[in-house]
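# Overview (structure and organization)
Each chain is listed here by its residues.
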Amino acid sequence: MKIKGLLTTVSVGTALMFASSLMAQTVEKNVVQPDTSIWTLDRCIDYAMTHATDIRKKVVEADNARQDRGAALGGFMPSVSANVGAQFSWGRNVDPETNTYNTITTFNNSYSVGGSLTLFDGAQTWNAFRKARLAVRLSDNALAIAKDEKAIEVMERYVDAVYNEAALRIAEDKLADSRSLLEKTRRMEELGEKSYPDVAQIEAQVADDEYQVEHQRTTMEKARVELMKAMGAPIDLRLTLRSRGLTTDFETGGRLKTEATGGLLARRGLEAENNLAISRFDYKIACGRLWPSISIGGGVSTGYYKNLSSDALGTSFSRQMKDNLGEYVYASLSIPLFNFSAIKNVKKARNNVRLAEIEREETMLKINSDYRQAVLDRDGYIKEVGLMERKVASDSIAHHLNSRKYEEGMLSTFDLHTSAQTLHDSRVRLLQTRLMAEIKKRLVEYYEE
């Protein structure tokens, strides 16, 4: 049951009684010890931070960003490689000893070690490293945002689950009250003070209350399933929720607990700025591909040769490894004269920068609008709480007086039911308003801190 649409069956007074009954505590040596079996809001959030699949994926993505940064740093280092080769040749080929063509069978074995270093590539390597370094901060920020969003989701599901548990107890209490009223009305019928239609009316009310109890029990189980889904908990996990006033969790728990610092405005703004910066690095890298590149390198090589067609004893392996040893160094300049795809990539990267600028502006407008909406909702619900408290007080007095009139035969069963339903609806709206006010307070803090 969604809080905004289906909070229709809870009484504030009975909800507080039910919430207090769930505060399982142990007393030892006059010291009250907390019951670790109780799942508070903070405990549910902490569990979600380590078990929710979307959070775990963000953690892996953040680690991948660090691996990419390490790979980008490797672009500044020289590349070194070693090669070993072996070759059999037969038929017409060059004799390495005489450098002439002969029809012989030979065996060649080559060894080489070489390295190269890029001195200049249009700053592509440098900008790639800067982009990878920024991507690490972006991934860490994305993880913080994901944790905040998960905390908000768990909070909403937690309140929804606790509400539905209270709603079930309220429905059961209402059913008990209706059954008691039915017995009283039946006795009054026996005394001639009430008629059978009055009894039938109360019987119908009892039947409706029985239906509401069963319906609410199913709704409660669904709400608990949604909470465990948001937490990433197995379906067989036993959750005993602490529903004592709910405000206690908000007041003692402080801000929604995540490892992030700063509020949503700062993190979302940073995300938009980082995305823009990354697009600018992509543009610089694309431009670097149109610049010349300079690299240097060097290495050593040697080899072994044997004529398998001759019975003559050839030069030994160790002697050839020394005699055939060669060294080399080189410098290379590569100038791109025309690269059509590279030119198009530059233009595309420039467009991506413009797109990132627009998206940054759109993001800032959205988060500021969401923040303003949360503030308005918070202030509105706080005002509504005071108004609904006055209405509940008035409806309570009216229903008490109507109950006395009913017992004295001055009020019909239908009018008494209407009065009870009016009081019930007022209490439901008051509870809904209180819960929504607490949620909006936390959302505003989520934006601001």
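Residues numbered from 1 in each chain as written. Predicted model: local features only at pLDDT ≥ 70, side-chain atom pairs only at ≥ 80, totals over all residues. Heavy atoms only, no water.

### Regarding the overall build of the protein chain
The following threshold applies: Put simply, DSSP H or I for four residues or longer makes a helix, DSSP E for two residues or longer makes a strand, and each gets a number counted from the N terminus. Here, two residues are considered to be in contact whenever any of their heavy atoms come within 4.5 Å of each other. A 1.4 Å probe and the Shrake-Rupley method give the accessible areas. Residues count as covered only by the protein chains that appear here.
Of the regular secondary structure elements, the protein chain holds 11 helices and 10 strands. At a minimum sequence separation of 6, the contacts of the protein chain that also span at least 24 residues come to 82%. Accessible area for the protein chain stands at about 25,900 Å²; split by element, carbon and sulfur atoms hold 54% of it.

### Considerations on the sheet that holds strand E4 (residues 79-89)
For the record, the criterion: The pairing criterion is simple: DSSP has to find at least two bridges between the two strands. Each axis is a line fitted through C-alpha atoms, taken for helices only over the stretch in contact, and angles between the N-to-C directions span 0 to 180 degrees.
An order of E4-E7-E9-E10 is seen for the four strands of this open sheet, with the pairing classed as antiparallel. Only two strands of the sheet have a single partner each, and these edge strands are E4 and strand E10 (326-334). Mean inter-strand twist for the sheet, computed between neighbouring axes without regard to direction, equals 20°. Sheet analysis places strand E7 (residues 106-120) next to strand E9 (residues 293-307), joined by 14 bridges and oriented antiparallel. Paired with Asn108 across the two strands is Tyr305, which belongs to E9.

### Here's the deal with the packing of aromatic side chains
This is how it is decided: Here is the rule: rings of Phe, Tyr and Trp (six-membered ring for Trp) pair when centre to centre is within 6.5 Å. Planes less than 30 degrees apart are stacked, more than 60 are edge-to-face, and the remainder are tilted. Working definition: with a 1.4 Å probe on protein chains only, accessible area under 20% of the residue-type maximum means buried, over 50% means exposed, and in between means partly exposed. Placement of a positive charge over a ring is assigned whenever Lys NZ or Arg CZ falls within 6 Å of the ring centre and within 35 degrees of the normal to the ring plane.
Taken as a whole and judged by the stated rule, the model has 10 aromatic pairs. Ring geometry for Trp39 against Tyr47: centres 5.5 Å apart, planes inclined by 75°, an arrangement best described as edge-to-face. Residue class for Tyr47 comes out buried when judged on its relative accessible area of 17%. Judged by centre distance (6.5 Å) and plane angle (40°), the ring pair of Phe338 and Phe340 falls under tilted. Pairwise contacts between aromatic rings join Phe88, Phe107, Tyr111, Tyr304 and Phe317 into one cluster. Lying across the ring of Trp39, Arg43 places its NZ or CZ 3.9 Å from the centre.

### Remarks on the layout of surface pockets
As a reminder, the rule being used: Think of a 1 Å grid over just the protein atoms. A cavity is a set of points where a 1.4 Å probe fits yet cannot get out, a pocket is an open set with protein on both sides within 12 Å along at least five of seven lines, and lining residues have an atom within 4 Å of a point. Grid points are joined across faces, edges and corners, and a volume is the space filled by probe spheres set on the points. When residues are grouped by polarity, Ala, Val, Leu, Ile, Met, Phe, Trp, Tyr, Cys and Pro land in nonpolar, Asp, Glu, Lys and Arg in charged, and all others, Gly among them, in polar.
Looking at the largest pocket, its volume works out to about 650 Å³. In this structure, the largest pocket is lined by 24 residues; those nearest its centre are Lys174, Asp177, Ser178, His399 and Ala420. Of all the secondary structure elements, the ones that give two or more residues to the lining of the largest pocket are helix H5 (124-190), helix H6 (196-231), helix H10 (340-407) and helix H11 (413-448). Grouping the constituent residues of the lining of the largest pocket by class yields seven nonpolar, 11 polar and six charged.

### Details of a positive patch on the surface
Rule in force here: What goes into a patch is any residue over 30% in relative accessible area without a salt bridge, connected to like charges within 9 Å or, for nonpolar side chains (Val, Leu, Ile, Met, Phe, Trp, Tyr), within 5 Å. Salt bridges are identified by distance alone: a Lys or Arg side-chain nitrogen within 4 Å of an Asp or Glu carboxyl oxygen. In this charge count, Lys and Arg are treated as positive and Asp and Glu as negative; neither His nor the chain ends contribute. Charge placement uses NZ in Lys and CZ in Arg. For Asp and Glu, CG and CD serve respectively.
A cluster of basic residues, Lys344, Lys347, Arg350 and Arg354, forms a positive patch at the surface. Considering the arrangement of structural elements, one finds Lys347 in helix H10. Residue class for Lys347 comes out partly exposed when judged on its relative accessible area of 42%.

### What about a nonpolar patch on the surface?
A cluster of nonpolar residues, Leu119, Phe120, Leu290, Trp291, Ile294, Ile296, Leu333, Ile335, Leu337, Phe338, Phe340 and Ile343, forms a patch on the protein surface that exposes about 1,300 Å² of accessible area. Within the residue set of the nonpolar patch, elements represented by two or more residues are E7, E9 and H10. Within the fold, Ile294 resides in strand E9. By relative accessible area, which is 34% here, Ile294 ends up partly exposed.

### A word on the environment of Ile55
Relative to the assigned elements, Ile55 resides in helix H4 (residues 53-73). The exposure class assigned to Ile55 is buried, which follows from its relative accessible area of 0%. Spatially, the C-alpha atom of Ile55 lies 6.6 Å from that of Lys147, the residues being 92 residues apart in sequence. Residues contacting Ile55, with those up to four places away along its chain left out, are Ala48, Met49, Leu143, Ala146, Lys147 and Lys150.

### Examining the nonpolar core
In plain terms, the rule: Residues enter a nonpolar core if they are buried and are Ala, Val, Leu, Ile, Met, Phe, Trp, Tyr or Cys, with the set joined through side-chain atoms within 4.5 Å.
If you look at the biggest cluster of nonpolar residues, it comprises 35 residues, and the most contacted ones within it are Trp39, Val154, Tyr158, Leu227, Met231, Leu239 and Leu241. At the level of elements, helix H3 (41-51), H5, H6 and H11 are the ones that each hand at least two residues to this core. With 12 residues, H5 is the largest single contributor of residues to this core. Leu168, Ala171, Leu175 and Ile202 belong to the second-largest nonpolar core, a separate cluster that totals 13 residues.

### Focus: unusual backbone geometry
For Ala123, which is not glycine, the phi torsion reads 65° and is therefore positive. Relative to the elements of secondary structure, Ala123 occurs in the loop between E7 and H5. You can call Ala123 partly exposed: its relative accessible area is 31%.

### A short note on the side chain of Asp395
We apply this condition: Whenever a nitrogen or oxygen atom comes within 3.5 Å of another N or O atom, the pair is scored as a polar contact, on the condition that within protein one atom can donate a hydrogen and the other can accept it, and that pairs from neighbouring residues in sequence are kept only if both atoms are in side chains.
Assignment of secondary structure puts Asp395 in helix H10. In terms of polar contacts, Asp395 uses its side chain to reach the side chain of Ser426, at 2.4 Å. In contact with Asp395, other than residues within four places in its own chain, are Thr422, Leu423 and Ser426.

### Let's talk about the pattern of salt bridges
Across all of its chains, the model carries 24 salt bridges by this definition. Its salt-bridge partner being Glu271, residue Arg268 comes within 3.9 Å of it at the nearest N-O pair. Taken together, the residues Arg268 and Glu271, both in helix H8 (residues 264-288) and three residues apart, mark about one turn of the helix. The class for Glu271 is partly exposed, based on a relative accessible area of 24%.

### Re the confidence of the model for the protein chain
Detailed reading of the predicted coordinates is not advisable wherever pLDDT falls low. Threshold: On a scale of 0 to 100, pLDDT captures the predictor's confidence in every residue.
Mean pLDDT over the protein chain stands at 81; residues scoring 70 or higher make up 86%. Counted against residues more than four places away or in other chains, residues 247-261, with its pLDDT under 50, gives 40 contacts.

### Concerning the packing of H4 against H5
Defined as follows: Throughout this description, any angle smaller than 35 degrees is read as roughly parallel, any larger than 145 degrees as roughly antiparallel, any in the 65 to 115 degree range as roughly perpendicular, and the remainder as oblique.
One can describe the packing of H4 onto H5 by two numbers: an axis separation of 8 Å at closest approach and a directional angle of 170°. Between H4 and H5, the angle is such that the two are roughly antiparallel.

### So, the environment of Ala342
You can see Ala342 is positioned in helix H10. Residue classification places Ala342 among the buried residues on the basis of a relative accessible area of 6%. Taking the C-alpha atoms as reference points, Ala342 and Gly288, 54 residues apart in sequence, are found 9.5 Å from one another.

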